[in-house]
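A closer look at the structure
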Amino acid sequence: MSAITSSFTLDEAIIVGGEEKIAAGTTITVRKPGSGELRGLALQNLLQLDVASLQTLAPRITAPVLLKPFVDAMAPSDLLQFGTEVVDFLLPKAAKPASPTA
C-alpha cells in the first residue's frame with residue numbers, strides 16, 4: 001500500500017543562520033501521518049495549527065525534511081500551507097466538502 005501524499009510549493013526560501021537551506025519554489029511533499037508519527041501530539045493542537053505541534057510533526061512527514069529550525073524560519077504563508085495539508089489529512093471524509101462530479 002502506497003503512502004498518501006500531498007504537496008505545496010514554498011513561496012519564500014528557508015534561511016537558517018544566514019544560509020539558504022531550501023530554495024523558494026521548492027515543492028515540499030507531505031505524507032499522511034500514521035498514529036505513530038502523531039505520538040506526543042494532541043490532535044486538537046494540530047487542528048488549531050499550533051506552531052510547536054507542527055514543528056514536532058514536520059520532520060516526521062516531509063520531504064525534503066523540514067527540521068524544527070527550518071519550520072522556525074518558514075514564512076507564515078508557507079507554514080500555513082504546511083498546516084493546511086496536515087489538517088486536511090486529519091479530517092474524516094465526512095467533514096470534507098463533497099467533490100463536484102463531472
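Residues numbered from 1 in each chain as written. Predicted model: local features only at pLDDT ≥ 70, side-chain atom pairs only at ≥ 80, totals over all residues. Heavy atoms only, no water.

**What about the overall build of the protein?**
Of regular secondary structure, the protein possesses 4 helices and 5 strands. By the compact-globule yardstick of 13 Å for 102 residues, the protein fits well, its C-alpha radius of gyration being 14 Å. Here the protein, with 102 residues, has 30% of them falling under the buried criterion. Partitioning the intrachain contacts of the protein with sequence separation of at least 6 by distance along the chain shows that 58% fall at a separation of at least 24. Taken as a whole, the protein presents about 6,000 Å² of accessible surface, with 56% of it coming from carbon and sulfur. Looking at charge distribution, the protein has the averaged site of its 8 positive side-chain charges lying 12 Å from that of its 10 negative ones. (Helix = DSSP H or I, 4+ residues; strand = E, 2+ residues; numbered from the N terminus. Rg over C-alpha atoms; globule rule 2.2 N^0.38 Å. Buried < 20%, exposed > 50% of the residue type's maximum accessible area, 1.4 Å probe, protein only. Contact = heavy atoms within 4.5 Å. Areas by Shrake-Rupley, 256 points an atom, 1.4 Å probe, with all protein chains shown as cover. Lys, Arg positive; Asp, Glu negative; His and termini not counted. Charge placed at Lys NZ, Arg CZ, Asp CG, Glu CD.)

**Details of the sheet that holds strand β1 (residues 5-9)**
Taken in spatial order, the 3 strands line up as β1-β4-β5 in an open sheet, and their pairing is antiparallel. What marks the edges here is a single partner per strand, and that holds for β1 and β5 (62-63). Helix α4 (residues 76-90) contacts β1, β4 (27-31) and β5 of the sheet and is inclined by roughly 165° relative to β1. (Pairing = 2+ DSSP bridges. Axes fitted to C-alpha atoms, helices over the stretch in contact; angles between N-to-C directions.)

**Looking at the pairing of β4**
Covered by surrounding structure in β4 are Ile-28 and Val-30 only, the residues Thr-27, Thr-29 and Arg-31 on the alternate face being uncovered. Across 5 bridges, the pairing between β1 and β4 is antiparallel. By the bridge assignment for β4, Thr-9 is matched with Thr-27. Bridging between β4 and β5 involves 2 bridges; their strand directions are antiparallel. Paired with Val-30 across the strands is Thr-62, a residue of β5.

**Some remarks on the nonpolar core**
In terms of nonpolar packing, the biggest core is built from 21 residues, with Leu-66, Met-74 and Phe-82 touching the most fellow members. Breaking this core down by element, the ones donating at least two residues are β4, α2 (51-61), α3 (68-73) and α4. With near-sequence residues (within four places) excluded, Leu-66 lies in contact with Ile-14, Ile-22, Ile-28, Ala-58, Pro-59, Val-71 and Met-74. (Core = buried A, V, L, I, M, F, W, Y, C linked by side-chain atoms within 4.5 Å.)

**Here we look at the side chain of Ser-53**
Looking at where Ser-53 falls in the secondary structure, it is placed in helix α2. Residue class for Ser-53 comes out buried when judged on its relative accessible area of 5%. Residues contacting Ser-53, with those up to four places away along its chain left out, are Leu-41, Asn-45 and Leu-46.

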